[in-house]
Amino acid sequence: MKVKIAYYKEDREVDIPEKNLIGVLRPKDIHPAADLTACINENLDHPIGTQPFDAMCVGKKNVCILVCDLTRPMETERVLPLLLERIERNAPGAKITILIALGTHRGLSDEEIDKLCGKGIREKCNVVNHAFDDPDALVQIPCDREDMPPVFVNKILTECDLRVAVGAVKPHPIFGWSGGAKIVIPGVAGYETTGYSHWLTCPHKGIEVMGKEDNPVRLLYESIVVKAHLVDFILNAVLTEESKISDVRCGDLVQAHRAAVHIAKKYYVCDVEEPADAIIVGVGKWASDLWVGSNAVYQSEFYLRKHGTIVLLGNFPEGISPVHKEISQYGYMPYREALKLIAPGGPLEHDLSTASHLVHLGRVLDARQADCVLISEGISREEANKVGFQYLDSPDEIMGYLTKKYGENVRILAIPGYNSTPIISGRPQD
């Protein structure tokens, strides 16, 4: 059976014999909203836990709309005009800033901003790339916890009288699900704040965190964002496999987020009857580097048997990461080994963002005692080997590699990965 795998902007085809194929794992039957404008307007008028959006806009002078970057695809360009029309009608003359929640990703070019927000938005609004590494762009916010470092976020949020967050809910290896408060921390947080938040889940298996919306890390940072009054209203979307909006929930930061997650679970929690010897997985249409594309590996922990193999297909034109060069130096590793890097005087003592990334992927391979095999044009064999991956030149080599390793009856699960939303199981492998 020929299976198309998302390889970034284009697909790669893998021929998997029927006798070896467990299945092709995709989201359950989910469709775009029949009338997206009506769907959004209905939820803006009848939000969960807040006043209607129009009422919240009345009299406001300085509005910030938080949006995700292109690595978190959704139809932002269709959502923004509906929000802007209501803001302009109910708060005429208000200053409107669109703040792109980059996390620690690179900034977007003007062309990329037009693609994300829609043409003409830059002329109407002040569009800002979050600068995680610029102290002048950040401000410390209150935090009751004495056992954690200071929390810094983009100061624009503290200067506005209405803060609106737009995003999608997807299984996430740190915060359980994306959306809600995650667009603030780590979305528009300082580098050290992001690193600490990511490191907190490193002692745990990915399957103990991913898909758990009430996990301790989300609850901690959710409480910080709520107490600091950093978000007044959210629009969180549930997406199809093609990243089209199927449904939205609006309103309170916590309540509307949980309502959206409840919907998403119906489509993105998918069980498989047998564990796979190998998983062939694509990185989606938006993962330009391995830092982003690692999401494809995280979901594999739910379905892979011990001593299994993950075959990762991703073009990765920006390589391993244009920002986090240290990944190539240290490679992926389990938590127990990364502790040495962050110890006092260690090379990553002050870079928990990179250290946690090494662990989040490394812990999957460690938990399953698995190998990861890379097929990529943007990452060379030498670079792949440095981070601990095996390497194949072409999808045509996959079946030969797997049958040599596991025999002619190797059992394979394919995850095409068209949506950057990982698929997870309610019954992960032990």
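With that settled, consider the overall build of the protein. Counting its regular elements, the protein contains 16 helices and 18 strands. What you see for the protein is a C-alpha radius of gyration of 21 Å, in line with the 22 Å of a compact globule of 430 residues. For the protein, the spread of C-alpha atoms along the principal axes amounts to about 70 × 55 × 35 Å. Here the protein holds 430 residues, and 62% of them are scored as buried. Long-range pairs, those at least 24 residues apart, make up 77% of the contacts in the protein with a sequence separation of at least 6. Carbon and sulfur atoms make up 49% of the accessible area of the protein, which amounts to about 16,900 Å² in all. Positive and negative side-chain charges of the protein, numbering 47 and 59 respectively, have mean locations separated by a distance of 2 Å.

Most of strand β16 (residues 371-375) is tucked away, with 4 of its 5 residues classed as buried. Relative to β16, strand β15 (residues 304-313) runs parallel, the two being bridged by 5 bridges. Within β16, the position partnered with Thr309 by the bridge is Asp371. Examined bridge by bridge, β16 and strand β17 (residues 390-391) share 2 bridges and lie parallel to one another. Paired with Val373 across the strands is Gln390, a residue of β17. In this fold, β16 hands off to helix α15 (residues 381-386), which returns the chain to β17; that crossover is right-handed.

The peptide bond linking Ile185 to Pro186 adopts the cis configuration, its omega dihedral lying at 20 degrees. By the element assignment, Pro186 lies in the loop between β11 (176-177) and α7 (191-199). At His229, a residue that is not glycine, the phi angle is positive and equals roughly 55 degrees. Under the relative-accessibility criterion, His229 is labelled exposed at 56%.

An order of β6-β5-β4-β9-β12-β13 is seen for the 6 strands of this open sheet, with the pairing classed as mixed. For this open sheet the edge positions go to β6 (126-129) and β13 (245-251), each flanked by a neighbour on one side alone. Strand-to-strand, the axes of this sheet are offset by a mean angle of 20 degrees, without reference to chain direction. Relative to strand β5 (residues 95-101), strand β4 (residues 62-68) runs parallel, the two being bridged by 7 bridges. Across the sheet, the residue bridging to Leu66 is Leu99, located in β5. Across the sheet, helix α1 (residues 36-45) touches β12 (233-239) and β13, and the angle it forms with β13 is around 15 degrees. Set on the sheet, helix α9 (residues 255-268) makes contact with β12 and β13; between it and β12 the angle comes to about 5 degrees.

Side chains carrying opposite charge are able to pair once their charged atoms draw close together. Under the criterion given, the structure shown has 29 salt bridges. Residue Glu222 pairs with Arg218 through a salt bridge whose shortest N-O separation is 3.5 Å. On the criterion of helical spacing, the pair formed by Glu222 and Arg218 is a turn pair, its members being 4 residues apart in helix α8 (residues 216-227). For Arg218, a relative accessible area of 2% gives the class buried. For the salt bridge of Arg381 with Asp393, the shortest nitrogen-to-oxygen distance reads 3.1 Å.

Evaluated as defined, the whole model comprises 6 aromatic pairs. Ring centres of Phe53 and Phe233 lie 5.0 Å apart, and the angle between their planes is 50 degrees; this geometry places the pair in the tilted category. Of this pair, Phe53 sits in helix α2 (residues 53-57) while Phe233 sits in strand β12, placing them 180 residues apart in sequence. Ring geometry for Phe302 versus Tyr303: centroids 6.4 Å apart, planes at 50 degrees, classification tilted. For the pair shown, Phe302 and Tyr303 are each scored as buried.

Moving on, we come to the nonpolar core. In terms of nonpolar packing, the biggest core is built from 95 residues, with Val184, Ile185, Tyr221, Tyr303, Leu312 and Phe389 touching the most fellow members. With 7 residues, the single largest contributor to this core is helix α14 (residues 352-367). Ignoring anything within four residues of it in the chain, the contact list for Val184 reads Leu66, Val153, Leu157, Ala189, Val225, Leu230 and Val231. If you look at the next biggest cluster of nonpolar residues, it comprises 42 residues, including Ala33, Cys39, Leu82 and Ala91.

The rules behind each value
Residues numbered from 1 in each chain as written. Predicted model: local features only at pLDDT ≥ 70, side-chain atom pairs only at ≥ 80, totals over all residues. Heavy atoms only, no water. Helix = DSSP H or I, 4+ residues; strand = E, 2+ residues; numbered from the N terminus. Rg over C-alpha atoms; globule rule 2.2 N^0.38 Å. Buried < 20%, exposed > 50% of the residue type's maximum accessible area, 1.4 Å probe, protein only. Contact = heavy atoms within 4.5 Å. Areas by Shrake-Rupley, 256 points an atom, 1.4 Å probe, with all protein chains shown as cover. Lys, Arg positive; Asp, Glu negative; His and termini not counted. Charge placed at Lys NZ, Arg CZ, Asp CG, Glu CD. Pairing = 2+ DSSP bridges. Right-handed = clockwise from strand over helix to strand, strands pointing away. Axes fitted to C-alpha atoms, helices over the stretch in contact; angles between N-to-C directions. Salt bridge = Lys/Arg side-chain N within 4 Å of Asp/Glu carboxyl O. Phe/Tyr/Trp six-rings, centres within 6.5 Å; stacked < 30°, edge-to-face > 60°. Core = buried A, V, L, I, M, F, W, Y, C linked by side-chain atoms within 4.5 Å.

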